[in-house]
Amino acid sequence: MVELIYISRAQKRFNEQQLAELLAVSRRNNTHNKITGLLLYDGFGSFIQVLEGTENDVKTLFEHIKNDNRHTNINRIGYQPIAQRSFGQWEMGFKLLSNENVAELEGFSQFMQAKNSYEHLSNQQNFAIKMLRYFRDNQ
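How each quantity is defined
Residues numbered from 1 in each chain as written. Predicted model: local features only at pLDDT ≥ 70, side-chain atom pairs only at ≥ 80, totals over all residues. Heavy atoms only, no water. Helix = DSSP H or I, 4+ residues; strand = E, 2+ residues; numbered from the N terminus. Buried < 20%, exposed > 50% of the residue type's maximum accessible area, 1.4 Å probe, protein only. Expected span 1.5 Å × (residues − 1). Polar contact = N/O pair within 3.5 Å; in protein donor to acceptor, adjacent residues only side chain to side chain. Pairing = 2+ DSSP bridges. pLDDT = per-residue confidence, 0-100. Contact = heavy atoms within 4.5 Å.

Some details on unusual backbone geometry
Then step 1. With phi around 55 degrees, Lys 34 is a residue other than glycine that occupies positive phi space.
Then step 2. Along the polypeptide, Lys 34 turns up in the loop between α1 (16-32) and β2 (36-41).
Then step 3. Judged by relative accessible area, Lys 34 falls into the exposed class, the value being 61%.
Then step 4. A positive phi angle is found at Asn 73, which is not glycine, with a value near 50 degrees.
Then step 5. Tracing the chain through its elements places Asn 73 in strand β4 (residues 71-81).

In structure tokens form, the structure reads like this:
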């Protein structure tokens with residue numbers, strides 16, 4: 001199993017509806033392909049994503065992402081073998097969205113809001129966890 005982390009910039013800002021649609025399609029496709037991970041969006045057009053799965057499945061998905069015209073400046077910032085998944089189910093974290101209904105979406109992550117309550121990740125030393133903490137804490 002491998003973990004791949006990348007950052008990208010959206011061609012145009014995503015609104016709440018577009019993020020909900022992205023989440024729904026991603027959850028369906030990733031469940032089918034046994035991909036897990038976390039997608040964080042800062043509300044201004046920047047994404048950071050962790051993908052976990054078999055090497056072939058992750059590489060195939062990343063190639064698809066690189067060809068997605070909704071993204072630009074796609075940069076892989078991490079890739080390593082992992083013994084276990086850090087994110088057992090697909091989640092998407094939203095930052096800087098004020099509508100409380102977003103938090104009710106299936107797959108919504110509180111990771112970006114939780115400054116000190118991520119004990120379930122405290123034993124994780126994967127590069128992805130370190131990068132996500134940096135992304136969250138330095139916004």
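There's plenty left to go through after this.
Thoughts on α1
Then step 1. With 17 residues, α1 should reach 24 Å at 1.5 Å per residue; the first-to-last C-alpha distance of 24 Å fits that figure.
Then step 2. For α1, the N-terminal capping position is held by Asn 15, with its side-chain oxygen 3.0 Å away from the main-chain nitrogen of Gln 17.
Then step 3. Lys 34 occupies a position one or two residues after α1 and carries a positive phi of about 55 degrees.

Some details on the pairing of strand β1 (residues 2-10)
Then step 1. Buried residues dominate β1, accounting for seven of its nine residues.
Then step 2. In terms of strand pairing, β1 meets strand β3 (residues 46-53) through eight bridges, oriented antiparallel. Bridging from a neighbouring strand, Ile 5 pairs with Val 50 of β3.
Then step 3. Where β1 lies against β4, eight bridges are found, and the strand directions are antiparallel. Bridge pairing in β4 places Leu 4 opposite Tyr 79.

Notes on the confidence of the model for the protein
Then step 1. Counting all residues, the mean pLDDT for the protein is 75, and 63% of those residues have values of 70 or more.
Then step 2. The lowest-confidence element of the protein is strand β5 (residues 91-94), averaging 44 in pLDDT; the highest-confidence one is helix α2 (residues 55-66), averaging 95.
Then step 3. Predicted confidence is poor over residues 92-102, with pLDDT under 50, and the contacts of this stretch with residues over four places away or in other chains come to 34 contacts.
Then step 4. Low pLDDT, under 50, characterises residues 117-122; the stretch is placed with eight contacts to residues that sit more than four places away or in other chains.

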